[in-house]
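What the coordinates show
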Amino acid sequence: MVSSLRGDDLVYEHPGPVRAVDGVSLELRPGELLVILGPNGSGKSTLLRLLGGLLRPARGSVLCDGRSMSSIGLRERARMLAVVPQSLATMPETSVAAFVTGGRYARISPWRGPQARDARAIGYALEAADVGDLGNRRMTDLSGGQRQRVLVARALAQEAQVLLVDEPTAALDLEHQVRVFAMLARLADHERSVLVVTHDVNLASQFADRVLLLAGGRLVAGGVPDEVLRREVLEPVYGPHLHFGRMPPPDQRPFVIPWLRA
């Protein structure tokens, strides 16, 4: 079981150079749902890709269970950590079931093929991501929201202890937004570690154990939702057009909505 995922003093520069991530350190703890917020261009997705080993930092290091990410082979890494991207660069000409099965590549023996345990993991992943009825559909025939849920299912099929999820609700309706976050929270409750990049501060308020706020590639705030989703923290980053409130008792979690006053 992976005990933690840690990034220390991470720096990443795009050609130019443009510093997309500038000295960020963080730790994803076992059994935690950690949400990263920030405006467009703040470095959220770049940071997630650094943590997942998809980009190499210009400075700093990523440690997975105390081991340098650069020293872990691809198959072993896939058993430890799963990354859910915002979208796919190209859409595969395959069925949903076959695509999700591909998430098991690090666990399926190339000599024996899929076994009963693999079938159970794939079935669970399809149902958990609410795409159990789409197994025979072609990936190219799905809506954007359906494709996003299938990406989550493929990551779940890996049975990795760490999930890194980039904008999982971007193409989803309101019902499925809540259901996806509730599923990720349940996974964290079962001692997986889940990091989610999102723009949705209210889903972060409802489900996150901790929230980190990025701006200009830097970490500017962090803590439980009550500590971060406050006017004095968010207005310097997002601007003045925000309305702050709290849900009714007994929950009373903070909510934030954009509101332009006449």
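For the structure, check the block above.
Considerations on the overall build of the protein chain
What the protein chain contains, in helices and strands, is 9 helices and 12 strands. Its C-alpha radius of gyration of 19 Å places the protein chain within 12% of the 18 Å reference for a compact globule of 262 residues. With the C-alpha coordinates aligned to their principal axes, the bounding extent of the protein chain is approximately 60 × 40 × 35 Å. Evaluated residue by residue, the protein chain yields a buried proportion of 48% over its 262 residues. Once local pairs closer than 6 in sequence are excluded, the contacts in the protein chain between residues at least 24 apart make up 65%. Total accessible area computed for the protein chain in this model is approximately 12700 Å², and 51% of it derives from carbon and sulfur atoms. Charge centroids of the protein chain, computed over 31 positive and 28 negative side chains, lie 5 Å from each other.

Considerations on the sheet that holds strand S8 (residues 193-197)
Judged by pairing direction, the sheet is mixed, and its 6 strands sit side by side in the order S6-S7-S8-S3-S9-S10 without closing on themselves. Of all the strands in the sheet, the pair left with one neighbour each is strand S6 (81-84) and strand S10 (218-223). Within this sheet the neighbouring strands show an average axis-to-axis angle of 15°, counted without direction. Relative to strand S9 (residues 210-215), strand S3 (residues 33-37) is paired through 4 bridges, and the arrangement is parallel. Paired with Val 35 across the bridge in S9 is Val 211. Those strands touched by helix H6 (residues 174-189) are S3, strand S7 (162-166) and S8, and its axis lies near 150° from that of S8.

Side note on the sheet that holds strand S2 (residues 18-28)
Strand order in the open sheet formed by 4 strands is S2-S1-S4-S5, with antiparallel pairing between adjacent strands. Since the sheet does not close on itself, it has two edges, and those belong to S2 and strand S5 (67-68), each with one partner. Alignment of strand S1 (residues 5-14) against S2, held across 8 bridges, turns out to be antiparallel. Bridge pairing in S2 places Leu 10 opposite Val 24. Contacts from helix H1 (residues 44-51) reach S1, S2 and strand S4 (59-64), with the element oriented near 125° to S1.

A short note on the pattern of salt bridges
Per the stated rule, a full pass over the model turns up 18 salt bridges. The residue Glu 27 makes a salt bridge to Arg 6 at a minimum N-O spacing of 3.4 Å. In this pair, Glu 27 is assigned in strand S2 and Arg 6 in strand S1, connecting sequence segments 21 residues apart. Note on Arg 6: relative accessible area 35%, which makes it partly exposed. A single network of salt bridges, built from pairs that share partners, joins Glu 13, Arg 19, Asp 22 and Arg 218.

Here is what the cut-offs are and how they apply
Residues numbered from 1 in each chain as written. Predicted model: local features only at pLDDT ≥ 70, side-chain atom pairs only at ≥ 80, totals over all residues. Heavy atoms only, no water. Helix = DSSP H or I, 4+ residues; strand = E, 2+ residues; numbered from the N terminus. Rg over C-alpha atoms; globule rule 2.2 N^0.38 Å. Buried < 20%, exposed > 50% of the residue type's maximum accessible area, 1.4 Å probe, protein only. Contact = heavy atoms within 4.5 Å. Areas by Shrake-Rupley, 256 points an atom, 1.4 Å probe, with all protein chains shown as cover. Lys, Arg positive; Asp, Glu negative; His and termini not counted. Charge placed at Lys NZ, Arg CZ, Asp CG, Glu CD. Pairing = 2+ DSSP bridges. Axes fitted to C-alpha atoms, helices over the stretch in contact; angles between N-to-C directions. Salt bridge = Lys/Arg side-chain N within 4 Å of Asp/Glu carboxyl O.

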